[in-house]
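Coordinates in review
The chain contents come next:
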Amino acid sequence: MSIQAEASRPAMPSAPNGLNGRTLGSALQAFGQTLIVPILSILTALIAGAILILLAGRDPVAAYQALIDGALLEPRGLIQSLLKTSPLILSGLAVGFAFKGGLFNIGAQGQLIMGSVAAAWIGATDLGVPIWLHITLAFGAGALIGAIWGGIPGALKAYYGANEVITTIMFNFIASRVAEWLISNGSTDGRIRPGPLTDPNSGAVQRSRPVLENARLPVVFDYPPPADPLNVGIFIAVAAAIIVLIIVNRTTFGFELRMVGQNPNAARYAGVNVPRQTMLTMAIAGALAGMAGVIQTLGVNGYYEANQSLGLGFDSITVSLLAANHPIGIIFSAFLFGALEQGSTRMQRTGVAPELVVLVQALILMFIAAPQIIQYIYRVRVGSTGGQRLSSSWGQK
Amino acid sequence: MSTIDLVVVFAVLNATIRQSIPLILGAMSGIASERSSIVNIGIEGMMLTGAFVGYTTNVALSGEDAAILGMAVSDDARLIISVLIGLLVSGLMGLFHGVLCIQYKVDHIISGTVVNLLAAGATGYFYDANAQTKGKIPNLISNPWPRDHFLRDVGVVLFDKDLITYITFIIVALMTFWLFGSVWGLRTRSIGENPRAADTLGVNVYRLQYTNLFLSGMLAGLAGVYLTLADVGIFERGMTAGKGFIALAVMIFGKWHPMGALGGALLFGLLLSLQSQLQFLGLVVPQQLVALLPYVVTVVVLAGFVGQARPPAHIGQSYEVEGH
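Residues numbered from 1 in each chain as written. Chains lettered and ligands numbered in written order. Predicted model: local features only at pLDDT ≥ 70, side-chain atom pairs only at ≥ 80, totals over all residues. Heavy atoms only, no water.

Comments concerning the overall build of chain B
Scanning chain B for helices and strands turns up 13 helices and four strands. Computed over its C-alpha atoms, the radius of gyration of chain B comes to 21 Å, within 12% of the 20 Å expected for a compact globule of 324 residues. The C-alpha extent of chain B, read off along each of the three principal axes, is 70 × 60 × 35 Å. Buried positions account for 56% of the 324 residues belonging to chain B. Accessible surface, chain B: about 13,200 Å² in total, of which carbon and sulfur atoms supply 65%. Looking at charge distribution, chain B has the averaged site of its 17 positive side-chain charges lying 6 Å from that of its 19 negative ones. (Helix = DSSP H or I, 4+ residues; strand = E, 2+ residues; numbered from the N terminus. Rg over C-alpha atoms; globule rule 2.2 N^0.38 Å. Buried < 20%, exposed > 50% of the residue type's maximum accessible area, 1.4 Å probe, protein only. Areas by Shrake-Rupley, 256 points an atom, 1.4 Å probe, with all protein chains shown as cover. Lys, Arg positive; Asp, Glu negative; His and termini not counted. Charge placed at Lys NZ, Arg CZ, Asp CG, Glu CD.)

A closer look at the overall build of chain A
Of the regular secondary structure elements, chain A holds 15 helices and two strands. Counting the 397 residues in chain A, one finds 52% classified as buried. Of the contacts formed within chain A by residues at least 6 apart in sequence, a portion of 74% connects residues at least 24 apart. Element-wise, carbon and sulfur atoms account for 64% of the exposed surface of chain A, whose accessible area totals about 17,000 Å². (Contact = heavy atoms within 4.5 Å.)

Re the interface of chain A and chain B
If you look at the interface, chain A gives 54 residues, while chain B gives 56 residues. Where chain A abuts chain B, roughly 4,800 Å² becomes buried across the two surfaces, and 75% of that area is made up of carbon and sulfur atoms. Here chain A is connected to chain B by one salt bridge. Between Glu355 of chain A and Arg237 of chain B there is a salt bridge, and its shortest N-O distance comes to 3.2 Å. Where chain A touches chain B, the interface holds three residue pairs in polar contact (both at pLDDT 80 or more). (Buried area = accessible area lost by both parts, 1.4 Å probe. Salt bridge = Lys/Arg side-chain N within 4 Å of Asp/Glu carboxyl O. Polar contact = N/O pair within 3.5 Å; in protein donor to acceptor, adjacent residues only side chain to side chain.)

Some points on the packing of aromatic side chains
One pass over the full model with this rule turns up eight aromatic pairs over all chains. Residues Tyr125 of chain B and Phe126 of chain B carry aromatic rings whose centres are separated by 4.9 Å and whose planes lie at 75° to one another, so their mutual orientation is edge-to-face. Relative accessible area serves as the criterion here: at 7%, Tyr125 of chain B is assigned to the buried category. Judged by relative accessible area, Phe126 of chain B falls into the partly exposed class, the value being 39%. In this structure an aromatic cluster arises from ring pairing among Phe52, Tyr127 and Phe235 of chain B. Sitting over the ring of Tyr303 of chain A, Arg207 of chain A keeps its end group 4.4 Å from the ring centre. Seen from the ring of Tyr376 of chain A, Arg379 of chain A lies directly overhead, with NZ or CZ sitting 5.0 Å from the centre. (Phe/Tyr/Trp six-rings, centres within 6.5 Å; stacked < 30°, edge-to-face > 60°. Lys NZ or Arg CZ within 6 Å of the ring centre and 35° of its normal.)

Remarks on the packing of helix α5 (residues 108-124) of chain A against helix α11 (residues 274-301) of chain A
When two helices pack together, you describe them by how their axes are tilted relative to each other and by the distance separating the axes. Residue and element names in this part refer to chain A. Where α5 meets α11, the axes come as close as 6 Å, and the angle between the chain directions of the two elements is 50°. With respect to their mutual orientation, α5 and α11 come out oblique. In this structure, the crossing between α5 and α11 has a hand that is right-handed. Only Ala285, Gly286, Ala289, Gly290, Ala292, Gly293, Val294, Gln296, Thr297 and Leu298 of α11 make contact with α5, whose side of the interface consists of Ala108, Gln111, Leu112, Gly115, Ser116, Ala119 and Ala120. Among the residues forming the contact of α5 with α11, the class breakdown is nine nonpolar, eight polar and no charged. (Axes fitted to C-alpha atoms, helices over the stretch in contact; angles between N-to-C directions. Parallel < 35°, antiparallel > 145°, perpendicular 65-115°, else oblique. Left-handed = near helix turned anticlockwise from the far one by under 90°. Nonpolar A, V, L, I, M, F, W, Y, C, P; charged D, E, K, R; others polar.)

A closer look at a nonpolar patch on the surface
On the surface, Leu24, Leu28, Phe31, Leu35 and Ile39 of chain A cluster together to form a nonpolar patch covering roughly 540 Å² of accessible area. Relative to the helices and strands, Leu35 of chain A is located in helix α2 (residues 24-55). (Patch = residues over 30% accessible without salt bridge, like charges linked within 9 Å, V, L, I, M, F, W, Y side chains within 5 Å.)

Comments concerning the confidence of the model for chain B
Looking at chain B as a whole, its pLDDT mean stands at 87, while 94% of the residues score no less than 70. Here the predicted complex scores 0.86 on pTM and 0.86 on ipTM. (pLDDT = per-residue confidence, 0-100.)

Side note on the packing of helix α4 (residues 75-100) of chain A against helix α8 (residues 233-250) of chain A
Residue and element names in this part refer to chain A. The contact between α4 and α8 brings their axes to 8 Å, and the two run at 15°. The angle between the axes of α4 and α8 places the two elements in the roughly parallel class. Every pair of crossing elements has a handedness; the one defined by α4 and α8 is left-handed. Here Leu82, Thr85, Ser86, Ile89, Leu90, Leu93, Phe97 and Lys100 of α4 come into contact with α8, specifically with Gly233, Ile234, Ala237, Val238, Ala240, Ala241, Val244, Ile247 and Val248. Split by residue class, the contact of α4 with α8 holds 13 nonpolar, three polar and one charged.

Things to note about the environment of Lys157 of chain A
Residues and elements named next belong to chain A. As for its placement among the helices and strands, Lys157 is situated in helix α6 (residues 131-160). The sequence separation of Lys157 and Asn249 amounts to 92 residues, and the corresponding C-alpha distance is 25 Å. Setting aside anything within four residues of it in sequence, one finds Lys157 in contact with Leu103, Ala162, Glu164 and Thr278.

Considerations on the side chain of Arg258 of chain A
Residue and element names in this part refer to chain A. Assignment of secondary structure puts Arg258 in helix α9 (residues 252-262). Among buried Asp, Glu, Lys and Arg side chains, Arg258 stands out as unpaired, with Glu256 the closest opposite charge at 11 Å. A distance of 3.1 Å separates a polar side-chain atom of Arg258 from the backbone oxygen of Val248.

Details of the pattern of salt bridges
As enumerated under the stated definition, the model contains seven salt bridges over all chains in all. In this structure, the salt-bridge partner of Arg177 of chain A is Glu180 of chain A, at a minimum N-O distance of 3.5 Å. Linking Arg177 of chain A with Glu180 of chain A, this pair stays in helix α7 (residues 164-182), spanning three residues, or about one helical turn. A salt bridge links Asp75 of chain B to Arg78 of chain B; the nearest nitrogen and oxygen atoms lie 2.9 Å apart.

What about the confidence of the model for chain A?
Low-pLDDT portions of the prediction should not be read for the details of their coordinates. All names here are of chain A. Residues with a pLDDT of 70 or more make up 90% of chain A, whose mean pLDDT is 85. Confidence drops under pLDDT 50 across residues 385-389; counting only partners more than four residues distant or on other chains, this segment forms 12 contacts. Segment residues 391-397: pLDDT under 50, and 30 contacts once partners within four positions in sequence are set aside and those in other chains are kept.

Digging into the nonpolar core
Leu93, Met170 and Leu356 of chain A together with Met28 of chain B are the most contacted members of the largest nonpolar core, which totals 166 residues. Counting residues in each nonpolar core, the second largest holds 12 residues, with Ala198, Val203, Leu213 and Val321 of chain B among its members. (Core = buried A, V, L, I, M, F, W, Y, C linked by side-chain atoms within 4.5 Å.)

Right under this line is the structure:
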């Protein structure tokens, strides 16, 4: 590693008490500074999206109107947006928490799938326990399998030098295949048996047995059908964000996490067990994503279905980066993405393909990652940016 | 071994070649980029771009009254133009990755993620499910042996392949010569190991990186073009299905050497083809559990259980040229 790269690393993180020696005014000003880039990035991406809608010969005003109507202004749409927000908060935290520790967790997708499957398994089994215990057990199982799914790539990185970017992507594929097998119908001649979770009554559709009423997340706001009721998932997700914030900023573990993230060599000299820290960081990230899957199964679907949350893992990368990996910021960026996702189905009625939302999200990520572009377009001064290097090694310890 | 078994063996070999072509080209794309110290996890997106643009151009030129400069388009011209435009646009995606990594010093992994998301979004947005084409690239040499000849199965493996398949193996040889036998290749390896030293000796680091990223994009694009214009024949959303990422693992497996990557790609192609030929091999195993083999092997390879690989020393770091 060159001296130049060493020098460009940021200094040691500030001690847990972050506001020391700064007035409230300068803190607010700094807060405004950090919001400029995300807000302008979202705005610019939406303008670029409007141009693409025009290119396809549709009306951007009508399309965005429908998007907002479908996502925010109707009670049914707003509930759906919030239901889509809850797993995004948790999977966004899974990415952001790993980022804080200098790790790139592209594996939220797979960790989430395994969490969903575990919840479907526990949720469909009659345990003869009260509802609170049943739900807790499902969350425990989802978090545990998620932690294993994240912890293995973490351990392989820490002790064998396998780059976590590719191993977590591979674990995504492995999770998809394992889940497909669990709900597969087997062969028609009966030589290959159906998967252990397959619902025998679902016919050609491959999905798991339905979750028992005794394991569905409690409803907090009911709305007449065909709308889904709002369940406690969103509160669990927000609570998780606050807990992650406290862990990162107020505990020794969080301090060591940030130290490893910003300068692993300095952390090693300071006596931090870097490999152990790496493994634990990925395991906790995996547990968070696993819980996102639990909410998806117990709160929304009521069963596990193949490809039910396709792309959620990649969305969570953008969700986390948009919030500069800040746990509370992730709540808001997850809501933005949940609302975009929900609104895109209504927007489709105006003739605009829902993939437009993916394009807008990609552009947001680009502007966030290269704020110089925003700086150039709007002639604004942006604070010191980025600088975190993640891709320093391939297959090296 | 009975004749039935031999048929299955040759069918697996044939499927192995088909499956490994995109992996070989994807791995070459990775080598071109990573040897010049730019990590490229955007291969998946560049593949998808090549697949989509090549296919869409083919569709556009397949219409009844399609014409270029007032001349009707022959089948050969249509396919050649489609391939070239697919390569050009995916090459531009490579340059785009370069601008983010070199000009804006974006983390290479994040830039690659942007490339992947943009490609997935754009190809999905502009995808037309009703598109019609006049067809795909024909086979170059047809099987010379008749149906009941004992060499027929060997012919199935060697012939009945499109031009891109043969070009792929030539590219591997050319890449090996390029990296280890040419000045351009020597300079590329030098900026992968120590750009400061190369810069001091007068190598234009940025220009070389941009050139190689254009090359990298085109190689990934050729893999995509192969999928839509030679192998499958149509475009589907997200059809690369992780091949770009497996190609990266293949590249690491081959220790950033074209010949090593070729071997790795054939191994992975074999694993991928086994699942489609499973029932013919008479194995009673759920196919999903066989389908995860390539991914498990990738993890094992990355963990260094088959020998530790050493990447180019300066990989993943941005470089500031002298005098700035």
